[in-house]
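Secondary and tertiary structure notes
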Amino acid sequence: MDRREFITQAIPERRQKQDFSGMARTITGLSPYTGPWTINEVRHLLKRTMFGASIPDMQYFLSLNTSSSVAELLEQINHPPYNPPQPPLNNYDATSPDANCPFGQAWPGTPDTLAPVSTVGARRRSLKSWWIGLQLNQSRSLREKMVLFWHNHFVVELDTISVGTYNYKYNELLRLHALGNFKTLVREITTNSTMLKYLNGEQNTAAAPNENYARELQELFTVGKNANGTPPYTEDDVIAAARVLTGWRNDLSGGVNSANGFNSYFDPSRHDSGNKQFSTYYNNTVITGRSGAAGATETDDLLDMIFQKDDVALNLCRKLYKFFIYYEIDAAAENDVIQPLANIFRNSNYEIAPVLSALFNSEHFFDFLNMGCLIKGPLDTCIGLLREFNVQFPSASDLAAQYAQWDRMRSQGSTLQQNLGNPPNVAGWPAYYQEPLFHELWINSDTLPKRNQFTDRILTSGYTNLGTTIKVDVLSYTASLTNPGDPLQLIEEVLALHYSIDVSVNVRNHLLSILLSGQALNSYWTTAWDDYTGDPTNTSYATIVRTRLETFYKYILSLSEYQLS
Amino acid sequence: MKRRDFIRASVPATLLPGLINGFSFRAFAGSPLIQSLAAANVTDHVLVLIQLNGGNDGLNTVIPLDQYSNLANARSNILIPDNLVLPLSGTTVTGLHPAMGGIHQLFNDGKVGIIQSVGYPQQNYSHFRSTDIWMTASDANQVLSSGWAGRYLNYEYPNYPNGYPNPTMPDPLALQIGSSVSLALQGPAASMGMAISDPTSFYNMINGIIDPAPNTPAGKELTYIRTVAQQSQQYASVILGAANNITVQSPSYPSAGSNPLADQLKIVARLVAGGLKTRIYMVNIGGFDTHSSQADAGSTTTGTHATLLARLSEAVKAFMDDLSFLNIEDRVTGLTFSEFGRRIKSNASLGTDHGAAAPMFVFGKNVEPGILGNNPQIPVSVTTSDNLPMQFDFRSVYASILEDWFCVPSADLNNIMLNNFQKLPIIQQGLCMPTDLHQLNQDAGINLISNYPNPFNESTYITFKTSGGHALIQIFDNEGRLIKTPVDGDYPEGEHKIWFENENYRSGVYYARFQNGSVQQVRNMLITR
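The structure reproduced in this document is the subject of the present report.

Rules of the game
- Residues numbered from 1 in each chain as written.
- Chains lettered and ligands numbered in written order.
- Predicted model: local features only at pLDDT ≥ 70, side-chain atom pairs only at ≥ 80, totals over all residues.
- Helix = DSSP H or I, 4+ residues; strand = E, 2+ residues; numbered from the N terminus.
- Rg over C-alpha atoms; globule rule 2.2 N^0.38 Å.
- Buried ≥ 20, exposed ≤ 12 C-beta atoms within 10 Å, placed from the backbone.
- Contact = placed C-beta atoms within 7 Å.
- Pairing = 2+ DSSP bridges.

Let us look at the overall build of chain A. Secondary structure summary: chain A contains 23 helices and six strands in total. Here chain A has a C-alpha radius of gyration of 25 Å; the compact-globule value for 565 residues is 24 Å, and the two agree. Taking the principal axes of its C-alpha atoms as reference, chain A extends roughly 85 × 60 × 50 Å. Here chain A holds 565 residues, and 49% of them are scored as buried. Pairs at least 24 residues apart make up 70% of the contacts formed inside chain A by residues separated by at least 6 positions.

Let us now look at the pairing of strand β10 (residues 280-285) of chain B. All names here are of chain B. Taken across its six residues, β10 has six buried, putting it largely inside the fold. Here β10 shows a buried face lined by Ile 280, Met 282 and Asn 284 and a second buried face lined by Tyr 281, Val 283 and Ile 285. Two elements, strand β3 (residues 46-52) and β10, share six bridges in a ladder whose sense is parallel. Note that in β10 the partner of Leu 52 across the bridge is Ile 285.

All names here are of chain A. Counting buried positions along helix α11 (residues 235-244) gives seven out of ten residues, so the element sits mostly inside the fold. For α11, every residue scored as buried is listed here: Asp 237, Val 238, Ala 240, Ala 241, Ala 242, Arg 243 and Val 244. Tucked inside the fold, the buried residues of α11 contact α10 (212-221), β3 (276-277), β4 (286-287) and α12 (297-306).

This brings us to the sheet that holds strand β4 (residues 62-64) of chain B. Across a sheet, paired strands are connected by hydrogen bonds in the backbone, their directions being either parallel or antiparallel. All names here are of chain B. Across the sheet, three strands lie side by side as β4-β6-β5; this open sheet has antiparallel pairing. The sheet is open, and its two borders are formed by β4 and β5 (86-87), each paired with just one other strand. Pairing of β4 with strand β6 (residues 94-96), which is carried by three bridges, proceeds in the antiparallel orientation. Counted as the bridge partner of Val 62 is Leu 96 from β6.

Put into structure tokens, the structure is as follows:
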């Protein structure tokens, strides 16, 4: 299904505008949260800031308090200085032999091989698989969730870029600055080779200006649009910004080799050295035209001018809010959360960590009314489940299978309408911006059954690839719980681990009837579980508990409640 | 003219349903003349499975009056007074628990068959394990991961769920009402059934009611998702349509909520009459695990077991009345089963412990009425460990129903039951007509994997269709053991063929499981040597 079709199908006609009237809303702001620190708060924090809340992570953060948990997630404590992960490896030699990089070696930095089989597609897949692997194996950090946030913010559709290393360097940049300085990130992304290709910056010359990046820089990346959808800047500002940015190019546009390490460079001969006049929105700023290598510094002037606008911080804080809290920002939230957050952002010279720290430490974040209201995105659903149930992937020693299984999960996210590396367009995934439904766009009559098919399958047959199978091991997962022999305790613990909102007595009774196979006595489950743990190699004992647990978890993961975090 | 009307009209009434000159009616009905005239459509045939969770005490359900004194020695504290046992027509030695007036009447009307002492060799006394054995139709020492009904549905609709629903089969293959989809409906790859977890959720579904949610952002999103869930339930609209076709049902049912089994069966009748082509319905009633207070002290005709049997009997009777009321009696056969019977000797707490063989009831207009088998023999002196031996293997019951009600050719029964079982006269003969429906079902949906020849001895070709990317074919034996992975790699979009060789595998059923992206399909292969 193409994106347009998806969107039209997803929006029910009955509702053109969301109605929040009469609904309980928050009155909390950014004061630090000082309430209880229980499984409810930890689960809320982890499900929002990481991909799923695994049992070991929950136990770990329960032993900390709120502020040190947030500091750890921001890598301010208990983390070594950031060190980039090992780059993606050649996992594709069997189908696309790579003359420039042997099997098992990192391919970024080497040219793509074009013959006999082009490695461009294989490297792209390798990169995306590797990215999924980083999400699955994330440390106790916000970084991977923020990489996804920035990917959705500074969109590049990797499938449109045919230089493997460019794509890698784009990803590397987002990850490096994920918790760093926003202004630095904007400066870097503006002249990033991948972005120069994606938004035609490399074709933006004095003789033939291309306004594509200059527009998105303002409309999407920085100042954004007003609440009514109109831009605060003018069309002339777009033209002037495009002229400022003329001259940036990649050394071999469309090519696959690079003489200077796949970096962009500034070509003064293509730069428009005239003065650039901006509108009253930018206080009638004139950026003085410069020739020669100095022309590149106009880019810094442009960003300095843009970052003078209050709208930059407001736009970013609203976007963070919608990503991490809820898509509806009412007047109270705007006043008590967004405005003060934007002040923090500006006062810290656009450092990202202080904003996130204030947000995740706040009463507002832990407000009961902000719990369980976020519809999980597809990647959050898939990666979160795999992490929460500790699904084992092939090890690095079986590289081809490891990447193949990572790719399988990437493809699963894609089936659910979130293809990592390929947002549908420069605005990102509609669920993060499209009024009035926002996150509700993830759930429609096509995707909801597919979410259930995924959870059913990962619990039963699993996914087999190159001789390996990934699936939930319901027996070992259940054995890791506190007291699985007590069916009531098992139910409560699993609900507390996986659900952000409570369920009815009927649901609990139904779960019990699954464990008891409709029998009346809880002890029948206890006996079955004890039989199994007493003799784990007995196939009959194992099958008895496994079939019931599979049905049990299938039911839990199929309920509407499970889609919320 | 309807088939049954024809039979009624052409046979003197006095000869029904008994014997014609010593030939039983079923032999008459099975004659080629009747077969050719009775153009039964096998799609019509519906099977309703009633699970009695907990292990029903067969000896206090179907009571062997000729064993009464020995029975009195073994279980005096729960024994039903012989003068209160309901006598069954045509026999003086067997009767029913006095709470079972409805089934008693149905029996005397020729609409119930009783199969004595059904079980399996080497009885397992665990509820869970024995339930799984009944659901999967495995041997006592064999662990199967698919259910017998699921294997049947996979045999009949091999492409399911790929390309379903479709015009040939627009409806769920099986529906479970009152709990999650059971193991019985699990096919070799996919579950073949859908669950309506309770009657309330069924009524919510047909009335578009969404469970209440709190007036918070989380509640708002929950309601949104639930609404989509209800709308996107694959079969919601056909179930809704069928339910809405029936606005009046028989008044025989007890009031809603007073008998959960009757509530479930009422839904089944409504959906069958409303036009669903669904083949199998599963319903259940729990509480039969009567270790204590099975009967009230001093009043053995009341108590837990009496209440349960009364509900069972009342529900089945009302259901049968409704089938007649709705004019679908010809299409429905039902049976009861429980994971085991109970011990011959009662315990001191007015109850019985886990036992072995027990009777099954089959009901419907097309069942072979009467009692199959003999009364169990009760020893003079019974110890606590004594159990009733089985007379019939429960898998013979399943196999006979598959053959005579679902019209599976006897040659194909092995595919489903994984073994040969005795054929029992449970369903009247002559209900299976040659039709092209089986072939239509075979072709319905999207076929992704097939093999030829099948059955095979030395080797077979496996053909599969991929939509590109990674493709996998695994061969499993009937116990789910992976024996070979002939395909595991990237294949271009299109049809591919591989040669699969029998590397000394034993005879039997094998499953070729195909996986490509998010789709999977399983094909039965039969190796004969």
